[in-house]
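# Coordinate inspection notes
Each chain is listed here by its residues.
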Amino acid sequence: MKKSFNVNGVCRPNRHYMADLTPRLEKIREMVARGDYFLINRGRQCGKTTLLRSLAVYLEADYEVVSLDFQRLGSQTYEHESLFVDAFTRLLLDCAGNLPVDVRVQLMQLRDETGTVKSLQILFGLLSDWCSKSEKPVVLLIDEVHAAVNNHIFTDFLAQLRAAYLDSDITPAFQSVILAGSHDMRHVKRTLSPEEEHRDFYPWNIAARFPFELNLRTNEISGMLREYENDSHTGMNIPEIAWLLYDYTCGYPVLVSGLCKIMDELLPGTPGFPEPGDVWTQKGLEAAVKILLREENPLFGSLWENLNCHPKMKNRIYTLLFRRHTIPYNVDDPVTSQLAMTGLIKDVDGYMRISNRIFETRLYNCFMMAAEAENIENSLRYR
């Protein structure tokens with residue numbers, strides 16, 4: 001079966017055209033070998049889950065890798081510590097294939113106990129026992145952790161991971177813990193109780209810096225196109241198309257794949273593009289960009305919804321688009337940090353810029369349509 005360009009969920013090498021992640025995986029393996037605990041926090045659909053899945057396979061020869069997805073934990077999980085411990089234990093038993101027999105039995109007993117307190121302390125005691133008995137160092141990967149952000153049970157869980165990391169020279173612990181999500185866990189805050197004052201609490205301040213971008217470089221886009229060309233024989237100029245894709249997207253993975261998908265599946269046979277070879281040109285890419293900017297898209301929808309929920313972020317983007325103010329890129333500014341994490345802005349010579357031409361055009365259109373709708377409503381109101 002021919003591969004396709006994927007814009008929905010995790011990319012699988014046997015089914016989808018995708019960039020070679022090996023250089024990134026090798027650098028992450030170096031962090032794991034050092035015993036780093038770290039966070040991959042980037043915006044939506046920028047390849048976090050694909051990277052984690054690939055990493056799990058890449059590490060499995062040397063490590064016992066357990067991959068968990070917190071999307072599988074329901075919202076009621078965070079109502080009480082016992083509920084969280086129960087849900088986490090069930091998820092771990094489902095996903096960890098090589099648990100020592102006695103540890104598995106104890107975890108199953110913990111899961112099946114009713115009417116008793118199931119504490120994080122007991123759970124982490126069993127996890128430490130597992131790490132001490134495992135034939136290979138244990139690496140824990142947790143995806144979609146933003147689902148639990150600012151919940152006090154989850155911050156307690158992070159604090160236990162932090163304590164285990166700090167005591168790892170005394171008590172067996174995970175070799176590495178990698179959290180992935182669209183929120184910076186280093187700055188999770190909690191309120192200790194309704195009666196107490198708000199107190200900042202940073203349970204993940206042990207996190208090593210994750211220094212790698214997830215955006216694709218032109219050579220990585222070229223590699224993906226080369227694989228496609230070997231299957232499709234369009235005669236495209238691979239370096240040129242790779243550069244044009246990067247020029248529009250700055251390598252944002254789902255945008256690159258989205259444009260390629262339109263060129264592969266929608267444009268061939270349409271007016272002006274009778275053959276696939278006619279599509280994979282600058283003219284074809286420009287046509288794909290117009291389609292992408294007009295279509296309903298979960299990524300664009302979530303970005304606009306996020307801005308509507310955060311007026312300061314929305315105002316900053318409006319200023320960048322319409323007032324052309326030169327705004328310094330200040331990593332200590334919360335608004336700048338939030339916008340960068342969502343993937344909407346980038347640092348260009350110390351100043352804020354919209355991340356790519358696709359986002360810039362789509363956001364401009366959204367602001368213009370919102371203004372037009374407001375003008376129509378006002379004119380009808382005062383008739």
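Refer to the structure presented above.
Residues numbered from 1 in each chain as written. Predicted model: local features only at pLDDT ≥ 70, side-chain atom pairs only at ≥ 80, totals over all residues. Heavy atoms only, no water.

Across its full length, the protein holds 15 helices and 8 strands. Within the span of the protein, comprising 383 residues, buried residues form 47% of the whole. Taking contacts inside the protein between residues at least 6 apart in sequence as the whole, the part at least 24 apart equals 70%. Accessible surface, the protein as shown: approximately 19600 Å² in total, 49% of it carbon and sulfur. (Helix = DSSP H or I, 4+ residues; strand = E, 2+ residues; numbered from the N terminus. Buried < 20%, exposed > 50% of the residue type's maximum accessible area, 1.4 Å probe, protein only. Contact = heavy atoms within 4.5 Å. Areas by Shrake-Rupley, 256 points an atom, 1.4 Å probe, with all protein chains shown as cover.)

Looking at the element boundaries, Asn356 is found in the loop between strand E8 (351–354) and helix H15 (357–381). Among the polar contacts listed, one links the side chain of Asn356 to the backbone nitrogen of Ile358, at a separation of 3.1 Å. If we ignore the near neighbours within four places in the chain, the residues touching Asn356 are Tyr248, Thr249, Cys250, Tyr252 and Leu255. (Polar contact = N/O pair within 3.5 Å; in protein donor to acceptor, adjacent residues only side chain to side chain.)

Looking now at the pattern of salt bridges. In the structure shown here, the tally under the stated rule is 14 salt bridges. In this structure, Glu227 and Lys3 form a salt bridge, with 2.4 Å as the shortest nitrogen-oxygen distance. On the criterion of sequence distance, the pair formed by Glu227 in helix H7 (residues 218–232) and Lys3 in the segment before helix H1 (22–34) is long-range, its members being 224 residues apart. Residues Arg316 and Asp333 are paired through a salt bridge, measuring 2.9 Å at the closest nitrogen-oxygen approach. (Salt bridge = Lys/Arg side-chain N within 4 Å of Asp/Glu carboxyl O.)

Contact geometry of helix H3 (residues 81–95) with helix H5 (residues 120–133) gives a least axis separation of 9 Å together with a crossing angle of 25°. Between H3 and H5, the crossing angle belongs to the class labelled roughly parallel. Facing Glu81, Phe84, Val85, Phe88, Thr89 and Leu92 of H3, the residues of H5 in contact are Leu120, Leu123, Leu127 and Trp130. In terms of residue class, the contact of H3 with H5 is made up of 8 nonpolar, 1 polar and 1 charged. (Axes fitted to C-alpha atoms, helices over the stretch in contact; angles between N-to-C directions. Parallel < 35°, antiparallel > 145°, perpendicular 65-115°, else oblique. Nonpolar A, V, L, I, M, F, W, Y, C, P; charged D, E, K, R; others polar.)

Here we take up unusual backbone geometry. The phi torsion at Glu144 lies on the positive side, around 60°, for a residue other than glycine. Tracing the backbone shows Glu144 in the loop between strand E3 (138–143) and helix H6 (152–166). Owing to a relative accessible area of 15%, Glu144 belongs among the buried residues under this scheme. One non-glycine residue, His233, adopts positive backbone phi at about 55°. Within the element layout of this structure, His233 appears in the loop between H7 and helix H8 (238–249). On the accessibility criterion, His233 (63% relative accessible area) is exposed.

Moving on to helix H4 (residues 101–112). Relative to the 16 Å expected for 12 residues at 1.5 Å per residue, H4 spans 16 Å between its end C-alpha atoms, a close match to the ideal helical length. Of all the positions in H4, only Val103, Leu107 and Leu110 are classed as buried. Mapping the buried residues of H4 onto a view down its axis gives an arc of 60°, with all of them on the same face. Tucked into the core, H4 has its buried residues touching H3 and H5. (Expected span 1.5 Å × (residues − 1). Arc of directions from axis to C-beta.)

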